[in-house]
Amino acid sequence: RNEDEWEPPNFFADRQIVLVAVEQNWEVLLKANEECWEDMQIVLAAVRQNWRVLDGAPKAWAHVVWSSPEVVLSAIQQDQEPVTRMNSRLWTNIEIVRAVAKQDWRLLLQTSGQAASQAWSDREVVHSAVKQDWMTVERMDSSLWQDKQIVLDAVNLNCKALEYCPKEHQRF
């Protein structure tokens, strides 16, 4: 190459320019250099506008973005579909579990072991679930029967919810 040859700058590789552009239009990330997917600030700026941008993640970065708690949380707050694609280790992140419960409590059935125990012991998770289906009182940690709002929400949907109340929480 001749030293006198001028090469135009590659604006789609400049992190600062790409971030500013993505903050205005998520689709810019799809045109940016692949290395931009390494920058979670850029990815998150796009995902906050439309989680579907993750469909365009290069194969080399797909695992990384689907393992990022911030990225996945933003996606789940928009739609329940990302739950099926997120890294399963994220079930231990209570903020993600809470967002999932708000979308559709039945998605919590994908949890098991410690993650399930944590989910069904969390007031916010259980409250979201009970507001969708009173029968979820069956799954909640028995200590949450002391939470009047959860019980009231369940009973508002169906008075039969009281039949699931453990004996130790029944006072007559």
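Our subject is the structure that appears above.
Residues numbered from 1 in each chain as written. Predicted model: local features only at pLDDT ≥ 70, side-chain atom pairs only at ≥ 80, totals over all residues. Heavy atoms only, no water.

## Quick look at the side chain of T136
Along the chain, T136 turns up in the loop between α8 (123-132) and α9 (148-157). Exposure remark for T136: the relative accessible area of 0% places this residue in the buried category. With sequence-adjacent residues up to four places away left out, T136 is seen in contact with W105, W120, A129 and V130. (Helix = DSSP H or I, 4+ residues; strand = E, 2+ residues; numbered from the N terminus. Buried < 20%, exposed > 50% of the residue type's maximum accessible area, 1.4 Å probe, protein only. Contact = heavy atoms within 4.5 Å.)

## Some remarks on the side chain of S74
By the element assignment, S74 lies in helix α5 (residues 69-76). Using a relative accessible area of 9% as the deciding quantity, one classes S74 as buried. Residues in contact with S74, not counting those within four places in the same chain, are L44, V47 and R48.

## Considerations on the environment of V100
Examined against the element boundaries, V100 turns out to sit in helix α6 (residues 94-103). C-alpha of V100 to C-alpha of V125: the two residues are 25 residues apart in sequence and 8.5 Å apart in space. Setting aside its immediate chain neighbours within four residues, V100 contacts I76, V83, W91, W105, L107 and L108.

## Here we look at the pattern of salt bridges
All chains considered together, the criterion is met by 11 salt bridges. Its salt-bridge partner being R98, residue E95 comes within 2.8 Å of it at the nearest N-O pair. One end of the pair, E95, and the other, R98, are both in helix α6, 3 residues apart, so they sit about a helical turn from each other. The salt bridge involving R98 is made with E124; its shortest N-O contact spans 3.7 Å. (Salt bridge = Lys/Arg side-chain N within 4 Å of Asp/Glu carboxyl O.)

## As for the packing of α8 against α9
Each pair of packed helices can be described by the angle between their axes along with the distance between the axes. Axis separation between α8 and α9 bottoms out at 9 Å; the angle between their running directions is 10°. In terms of orientation, α8 lies roughly parallel with respect to α9. On α9, the residues touching R123, V126, H127, V130 and K131 of α8 are Q149, I150, D153, A154 and L157. A per-class count over the contact of α8 with α9 returns 5 nonpolar, 2 polar and 3 charged. (Axes fitted to C-alpha atoms, helices over the stretch in contact; angles between N-to-C directions. Parallel < 35°, antiparallel > 145°, perpendicular 65-115°, else oblique. Nonpolar A, V, L, I, M, F, W, Y, C, P; charged D, E, K, R; others polar.)

## Let's talk about the nonpolar core
Core analysis: the largest hydrophobic core is formed by 56 residues, its most contacted members being L29, W37 and L54. Filtering out sequence-adjacent residues up to four positions away, W37 remains in contact with L29, L30, V43, V53, L54, G56, A57, P58, W61 and V65. (Core = buried A, V, L, I, M, F, W, Y, C linked by side-chain atoms within 4.5 Å.)

## Points about α9
Buried residues of α9: I150, V151, D153 and A154, and no others. Down the axis of α9, the buried set is contained in an arc of 160°. They therefore lie on one face. Turned more than 90 degrees off the buried face of α9, the exposed positions are K148 and N156. In this structure, the buried residues of α9 make contact with α8. Taking the backbone nitrogen of Q149 as reference, a side-chain oxygen 3.1 Å away marks D147 as the first, capping residue of α9. (Arc of directions from axis to C-beta. Polar contact = N/O pair within 3.5 Å; in protein donor to acceptor, adjacent residues only side chain to side chain.)

Taken by themselves, the reported measurements are silent on function.
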